[in-house]
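This is what each chain is made of:
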Amino acid sequence: MVGSAGVRRATRWQDSVRLLLLIDAAAKPAAEGESVPPATVGVVHTQVRLQKLDFWVRNPDYLAYELMNEYVAAPDVPRLLELAAEILESEESDLRRFPMLRYKYGAFEELDDALAPLVERGLLRKTQVLGRERVVEHIYFLLERGRQVAQSMVAEAPALAWYVERTRLVVDLVDGLGGTQLKDRQYLLRDYADTPWGQHIGPITEQARERLRELQAAPGPGATGDTDQEAS
Amino acid sequence: MTAPGPARSDAKDLTVAPSASDILKEVAEKLGLTPVQVERTLAEANITLKSPTAADRRLRIIRLRASGTKHSGDDFTVEQPFTPGVWAIVHPDNSAGKTSLLEFLVFPLRGGPRDLPPDVRSWLRHLSVDIAVAGRAIRIVLDVDDQPHPQLRGRILAGESTDHLLAADDEALRLLATASGNEEVSRCIGEFFLDAMRMEHTNLWQVTGGADGEGAPQVHGWASYFGACYLNPGGDEILLGDVAGGLPGRLMELFVDIPYSTALTQLSVAGKREKKTITQGQRRAEGDAEARRTEREAWQTEIADVTRQIEARRRTAAQDISPLLRAADQAATELRGMRALLEEAEQTLTEVSGARMRAEQGLLDARETWQARRVLGRLDPVCCPRCEEPLGSVRRSEEREQANCAVCTRPLPEVDPETAEALLAELEQTLERAQDAEREATDRRLRAVEAVQSALADHREAAAGLEQGLATSQAHDRLRDLEIRAAELRGRLEATGSTPPAPPVPVSAQVLAATEEAVRAAVDAAAKQLFPAMNEAIVELATRFGVQNLDSVKLDRAGKVNAVKAGVKTTFKRLSRGDRLRMRIATVIALLRVSADRGVATHPGLLLIDSVAAEEVTEVPARTLIAELQAIAAELPELQVVLTTAQPELVDALPKDHLITSDGEHLF
């Protein structure tokens, strides 16, 4: 729903489902000897990582831009450019955008309210590792019931099928990268980095579309655009 | 002055000639001037018109005396008296001095020798000739002073009478003139004879003369006239005198004394000089006119070109540009209006699109929320989301039985699928309206874009039209320049339009021409009477002298005899050498006879002939010539002939005292 300041905000239910599907896509099996609650099927480490994955789900133009970065770094995977084109040539960037705040470590939004329904219903458990003065790391445990719900989502709620696809794409894109590295990736975009703390990160749709046209018009892949040193 | 010649004629012809005042009056009337003005104008050209009066031009030799020293050192002395009649200098030897003796006469009379051998001349120390000229007793004395170098000195002396002259020494005579040096002596003698015989220098117009090659008068003096007395050798091709051209005829006229003949010659020469001046002036004027004509042609060409340009520019410049300005303004206004409409349409479209997007988002959010709620809502709470501790059975049963939340115990909100469907339907309708509005706004924007493009095209067209119109209006300035240039050229053409009139013939030239015409008429009238008589006399005399088969001659004023021999026209040059001499003698004697018949002034009556009959192959014709001369001398008591011959037999009929000869090797 559209907030008073004109910034669109998702409903609690949308947030909960989106995060469930994102955690389901991103969860990895618990490490051997790791202490996990009963019925745990997968673990997601760090809140920062979860926040950054969520940023790309909620901002399809940034995702498209990152896909093009990947395409420039790996020109032999034309699917990357196709995916970027599918996003940018539709109205997706406007229709699916839920702006996030710029915070100290990047895009951020309080997750507790959105995760509460999942915890209450026995789909998710979370814990935190404490340091001397503050929380060092948040850990999210996907429970068996949570995975069942996530897997039945396409059939039960077709309107939410888009999130199933998109969370998988985002996780696939950044698979194997840590949250801090993700943040650095997002900082590569000037509009994001220039956004003052505590303000909503604005769209880069036109910028991304312009770059798409350049890449499509280029004689061969990898001719222009920024290269991601960390991805190479 | 009276004409002292023998009054054998009634002098009728003399009165026929108009007087000088008659001629002046005639010319004055013709030109609208007064006779005095005419006379003054002629005087400015050094021409004086005198009524004809007969001048005494008789010249007779009375005595010749010569002395000197030969190359051999021997002195010689000649003293020979002369009387009228035929005299012969005779000696069979070629180098006996016949020609030299004749030249002793020629030297003082002509002012210089003609054929005197240089060696004989160097011997001469003293020449003295007593003559009767125009009735006056005159002695001409030439002395050659040896020291410091040979120098000719001449004196002209006058005696009371012939007898006085013969008796008196030089000192007893009246000295008229003296001169030193060849040229001065020659000039002095010439002036004396011309003055004594009332003759003038003759100017003959030489066509190619002058520094500019366009003609100039040539002066002929006494020496030239003397050619009428001292006949040319038989081989010469000129009738009389030693100058070709007009001189022979002039000599004849002079000695026949045709009235006004001198004036006519002077007028003719002056007229030609005037004509030359006028011709040169005209040529300059023609040159100027030609230059101006070329200039005018260039102007004509330019004015035609300028006129064409003016016409072309007038046609295009007729267009008024104010409608173009209005059209361009209107098009600009229209374009601005259309652009404002487009901006508005785009603004509207942006707003409507935003609204539509928000409707889409709203529907999407509602649908997702509803389905998420349906999926998650079905799940019963199993623990507290805060503490994650399991819920007790009491809370579960309360929830089932009293619809109180098992977690927070507040009443559970109704989750009514029908309500949700109704809400979604409403959002769908909102979206549909937003989509309609967006389509409409899109169409409106499209129409606005088209309108802007159309207005832009109209504006460009109007601007181009205006630009062209403005370019044409700049042509106004050029048109004005062209019109000014055309006016300037027309002015120039008008100012130079009429070719300048030829410079007026000056009055002096008119007077000269008219006077020449009048005088020529008088001369022609006199010549018309004179020449037939001359021709008749020449034919008779020439035949008597031995010219065979001479049918006729027709003497003209150029001195040509135009002989017809045996029916064939024969030029003087084609005559035999002997016939040429006979014709010369016949001409001179005819002059004498005709003049004497008319009682006018005449040939001096002295005839010097060197080597007469030298060309004759046989003796008979030569004898005939001399015999006839002797006979004529008897008829004409004024005639005195001195001839030379190497053939004594030719002159044996002459009186012995008229033979100048010697038994020795030399005549002197």
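None of the values given here were measured: they were computed from a predicted structure. (Residues numbered from 1 in each chain as written. Chains lettered and ligands numbered in written order. Predicted model: local features only at pLDDT ≥ 70, side-chain atom pairs only at ≥ 80, totals over all residues. Heavy atoms only, no water.)

Moving on, we get to the overall build of chain A. Helix and strand counts for chain A stand at 12 helices and five strands. Scored against the burial criterion, the 232 residues of chain A give a buried share of 50%. (Helix = DSSP H or I, 4+ residues; strand = E, 2+ residues; numbered from the N terminus. Buried < 20%, exposed > 50% of the residue type's maximum accessible area, 1.4 Å probe, protein only.)

Core analysis: the largest hydrophobic core is formed by 129 residues, its most contacted members being B:Phe104 and B:Phe193. Of all the elements, helix H14 (residues 507–545) of chain B adds the most residues to this core, at 18 residues. Discounting chain neighbours no more than four positions away, the residues touching B:Phe104 are B:Leu64, B:Ala66, B:Phe76, B:Leu116, B:Val120, B:Leu124, B:Leu127 and B:Phe668. A:Leu63, A:Leu67, A:Ala84 and A:Leu118 belong to the second-largest nonpolar core, a separate cluster that totals 64 residues. (Core = buried A, V, L, I, M, F, W, Y, C linked by side-chain atoms within 4.5 Å. Contact = heavy atoms within 4.5 Å.)

Now for the interface of chain B and chain A. Contacts between the two partners involve 28 residues from chain B, matched on the other side by 30 residues from chain A. In this assembly, chain B packs against chain A so that about 2,700 Å² is buried in total across both faces, 61% of it on carbon and sulfur atoms. Of all residues in chain B, B:Glu368, B:Leu376 and B:Glu388 bury the most surface against chain A, accounting for 24% of the area lost on that side. Linking chain B with chain A are four salt bridges. Among the salt bridges present, the one from A:Arg96 reaches B:Glu368, with a minimum N-O distance of 2.7 Å. In this assembly, chain B and chain A are joined by 15 residue pairs in polar contact (both at pLDDT 80 or more). Grouping the constituent residues of the side of chain B that touches chain A by class yields 13 nonpolar, five polar and 10 charged. (Buried area = accessible area lost by both parts, 1.4 Å probe. Salt bridge = Lys/Arg side-chain N within 4 Å of Asp/Glu carboxyl O. Polar contact = N/O pair within 3.5 Å; in protein donor to acceptor, adjacent residues only side chain to side chain. Nonpolar A, V, L, I, M, F, W, Y, C, P; charged D, E, K, R; others polar.)

Glancing now at helix H9 (residues 161–174) of chain A. The first and last C-alpha atoms of H9(A) sit 21 Å apart over 14 residues, in line with the 20 Å expected at 1.5 Å per residue. Counting buried positions along H9(A) yields 10 of 14 residues, so the element is predominantly enclosed. (Expected span 1.5 Å × (residues − 1).)

So, on to the sheet that holds strand E1 (residues 59–69) of chain B. All names here are of chain B. Read from one edge of the open sheet, six strands run E2-E1-E4-E5-E6-E7, paired in antiparallel fashion. Taken across any chain shown, the strands that pair with only one partner, and hence form the sheet edges, are strand E2 (75–81) and strand E7 (174–180). Taking the axes of each pair of neighbouring strands and ignoring which way they run, one obtains an average angle of 15 degrees across the sheet. Where strand E4 (residues 124–133) and strand E5 (residues 136–145) come together, eight bridges link them in antiparallel fashion. Of the residues in E5, the one forming a bridge with serine 128 is valine 141. Along the sheet, helix H4 (residues 98–110) contacts E1, E2, E4, E5 and strand E6 (151–159); its crossing angle with E4, the most-contacted strand, is approximately 70 degrees. (Pairing = 2+ DSSP bridges. Axes fitted to C-alpha atoms, helices over the stretch in contact; angles between N-to-C directions.)

Residue and element names in this part refer to chain A. Here chain A averages 82 in pLDDT, while 83% of its residues score no lower than 70. When mean pLDDT is compared element by element in chain A, helix H7 (residues 144–151) scores highest at 94, while helix H10 (residues 179–187) scores lowest at 55. With pLDDT under 50 throughout, residues 222–232 is counted as low confidence; its partners more than four residues away or in other chains account for 22 contacts. (pLDDT = per-residue confidence, 0-100.)

In this section: the pattern of salt bridges. Residue and element names in this part refer to chain B. For the structure on display, the rule yields 51 salt bridges over all chains. Between aspartate 145 and arginine 153 there is a salt bridge whose closest N-O contact spans 3.2 Å. For the salt bridge of arginine 544 with glutamate 628, the shortest nitrogen-to-oxygen distance reads 2.5 Å. Of this pair, arginine 544 sits in helix H14 while glutamate 628 sits in helix H16 (residues 619–635), and the two are 84 residues apart along the sequence. Taken together, the shared-partner salt bridges in this structure form one network comprising Arg63, Arg65, Glu79, Asp130, Arg139, Asp143, Asp145, Arg153, Arg155 and Asp170.

So, about the pairing of E2(B). Residue and element names in this part refer to chain B. Only one face of E2 is covered, namely the one carrying Phe76, Val78 and Gln80; the face carrying Asp75, Thr77, Glu79 and Pro81 has none of its residues buried. Across seven bridges, the pairing between E1 and E2 is antiparallel. Across the sheet, residue leucine 64 finds its bridge partner in E2, namely glutamine 80. In this structure, the hairpin formed by E1 and E2 is closed by a connection of five residues, where glycine 73 is found at a positive phi of approximately 95 degrees.

A word on the environment of B:Leu575. All names here are of chain B. Position of leucine 575 among the secondary structure elements: in the loop between strand E12 (568–570) and helix H15 (577–598). Classification of leucine 575 as buried rests on a relative accessible area of 3%. As a C-alpha pair, leucine 575 and glutamate 237 span 338 residues in sequence and 9.2 Å in three-dimensional space. The residues touching leucine 575, leaving out its near neighbours within four places in the chain, are Lys565, Thr570, Arg580 and Met583.

Two measures describe an aromatic ring pair: the distance that separates the ring centres and the angle between the ring planes. Counted according to the given criterion, the structure contains nine aromatic pairs over all chains. For the ring pair B:Phe76 and B:Phe104, a centre distance of 6.4 Å and an interplane angle of 10 degrees mean the geometry is stacked. Here B:Phe76, found in strand E2, pairs with B:Phe104, found in helix H4; they are 28 residues apart in sequence, far enough to count as distant. Across the pair, B:Phe104 and B:Phe76 agree in class, each one buried. Arranged with centres 4.8 Å apart and planes meeting at 10 degrees, the rings of B:Phe193 and B:Trp222 form a pair that is stacked. Of this pair, B:Phe193 sits in helix H7 (residues 182–196) while B:Trp222 sits in helix H8 (residues 222–225), and the two are 29 residues apart along the sequence. Among the aromatic residues, ring-to-ring pairing joins B:Phe192, B:Phe193, B:Trp222 and B:Phe226 into one connected group. It is A:Arg96 that lies over the ring of A:Trp162; its NZ or CZ is 4.2 Å from the centre. Geometry around A:Tyr65 places A:Arg211 over its ring, the cationic atom sitting 4.8 Å from the centre. (Phe/Tyr/Trp six-rings, centres within 6.5 Å; stacked < 30°, edge-to-face > 60°. Lys NZ or Arg CZ within 6 Å of the ring centre and 35° of its normal.)

This part is about the sheet that holds strand E15 (residues 659–660) of chain B. Residue and element names in this part refer to chain B. The strand order E13-E14-E3-E15 describes an open sheet built from four strands, whose pairing is parallel. Looking at which strands have only one partner, the edges of the open sheet turn out to be strand E13 (606–609) and E15. With six bridges joining them, strand E3 (residues 85–90) and strand E14 (residues 640–645) adopt parallel strand pairing. When the bridges of E14 are listed, isoleucine 89 appears paired with threonine 644.

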